Amino acid sequence: MAKHRTHSVEFKRQVSQEYLSGETLHGLAKRHDISRNLIRIWVEKFQAGALDEDLAAADLLQDYETPRIAALERLVGKQALELEFLKGALHARPRRRSEPTSAIAGPAASPSRKDVG
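What you are looking at is a predicted structure, and each value in this text was computed from that prediction instead of being measured.

About the cut-offs
- Residues numbered from 1 in each chain as written.
- Predicted model: local features only at pLDDT ≥ 70, side-chain atom pairs only at ≥ 80, totals over all residues.
- Heavy atoms only, no water.
- Helix = DSSP H or I, 4+ residues; strand = E, 2+ residues; numbered from the N terminus.
- Buried < 20%, exposed > 50% of the residue type's maximum accessible area, 1.4 Å probe, protein only.
- Contact = heavy atoms within 4.5 Å.
- Areas by Shrake-Rupley, 256 points an atom, 1.4 Å probe, with all protein chains shown as cover.
- Axes fitted to C-alpha atoms, helices over the stretch in contact; angles between N-to-C directions.
- Parallel < 35°, antiparallel > 145°, perpendicular 65-115°, else oblique.
- Nonpolar A, V, L, I, M, F, W, Y, C, P; charged D, E, K, R; others polar.
- Left-handed = near helix turned anticlockwise from the far one by under 90°.
- Phe/Tyr/Trp six-rings, centres within 6.5 Å; stacked < 30°, edge-to-face > 60°.

Some points on the overall build of the protein chain
(1) Moving on: Regarding its fold elements, the protein chain presents five helices and zero strands.
(2) Moving on: Listed by position from the N terminus, the elements making up the protein chain come as α-α-α-α-α.
(3) Moving on: Considering the protein chain as a whole, with its 117 residues, one finds that 15% of them fall into the buried category.
(4) Moving on: The long-range fraction of contacts in the protein chain, counting pairs at least 24 apart against all pairs at least 6 apart in sequence, stands at 48%.
(5) Moving on: For the protein chain, the exposed surface amounts to about 10,200 Å²; the carbon and sulfur share of it is 57%.

Thoughts on the packing of helix 2 (residues 25-32) against helix 3 (residues 36-48)
(1) Moving on: The geometry of helix 2 relative to helix 3 is characterised by a closest axis approach of 9 Å and an angle of 110° between their N-to-C directions. Regarding the angle of helix 2 to helix 3, the classification is roughly perpendicular. Judged by residue contacts, Leu 25, His 26, Leu 28 and Ala 29 of helix 2 engage Arg 36, Ile 39 and Arg 40 from helix 3.
(2) Moving on: The residue inventory of the contact of helix 2 with helix 3, partitioned by class, reads four nonpolar, one polar and two charged.

Things to note about the side chain of Ser 16
(1) Moving on: Summarising the element assignment, Ser 16 is placed in helix 1 (residues 9-20).
(2) Moving on: A residue is classified by how much of its surface remains accessible, and Ser 16, at 0% relative accessible area, is buried.

As for the side chain of Lys 12
(1) Moving on: Turning to its location among the elements, Lys 12 is positioned in helix 1.
(2) Moving on: Residue contacts for Lys 12: discarding those within four places in its chain leaves His 7, Trp 42 and Leu 51.

A closer look at the packing of helix 1 against helix 2
(1) Moving on: It is at 10 Å that the axes of helix 1 and helix 2 come closest, and there the two elements cross at 150°. When the axes of helix 1 and helix 2 are compared, the crossing they make is right-handed. In this structure, helix 1 contributes Phe 11, Gln 14, Val 15, Glu 18 and Tyr 19 to the contact, and helix 2 contributes Leu 25, Leu 28, Arg 31 and His 32.
(2) Moving on: Taken together, the residues that form the contact of helix 1 with helix 2 break down as five nonpolar, two polar and two charged.

Brief notes about the packing of aromatic side chains
(1) Moving on: By the definition in use, this model includes one aromatic pair.
(2) Moving on: Ring plane angle 85° and centroid distance 5.8 Å describe the contact between Phe 11 and Trp 42, whose orientation is recorded as edge-to-face. Linking Phe 11 in helix 1 with Trp 42 in helix 3, this pair joins segments that are 31 residues apart in sequence. Of the two residues, Phe 11 and Trp 42, neither departs from the other in class, the shared state being buried.

Quick look at unusual backbone geometry
(1) Moving on: At Asp 33, a residue that is not glycine, the phi angle is positive and equals roughly 55°.
(2) Moving on: If you trace the backbone, Asp 33 turns up in the loop between helix 2 and helix 3.
(3) Moving on: Owing to a relative accessible area of 55%, Asp 33 belongs among the exposed residues under this scheme.

Below is the structure:
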């Protein structure tokens, strides 16, 4: 089964304009390796102005995604720095033999006055 391909709005507009300028469906379909029926659909949308709406929607989506991607990249960078800092803190001082090795155990408790006397 053939894979479903997606085409940009600019490509659809170009093919539609080529058809409207006199190219044949058969020639366009063969040159671009797309079906004639698909070209007919694109031409109808082009003439109705629907491709312009698709282009506006794609631009709006791009305007939304660009700052979001930048924010996510900054977050990943910040987390990478934090990881490197924490790795350095773990290896910064040698562990004493009497120290527990479990992070759950925590530091040794200091004796209270009740225990001393």
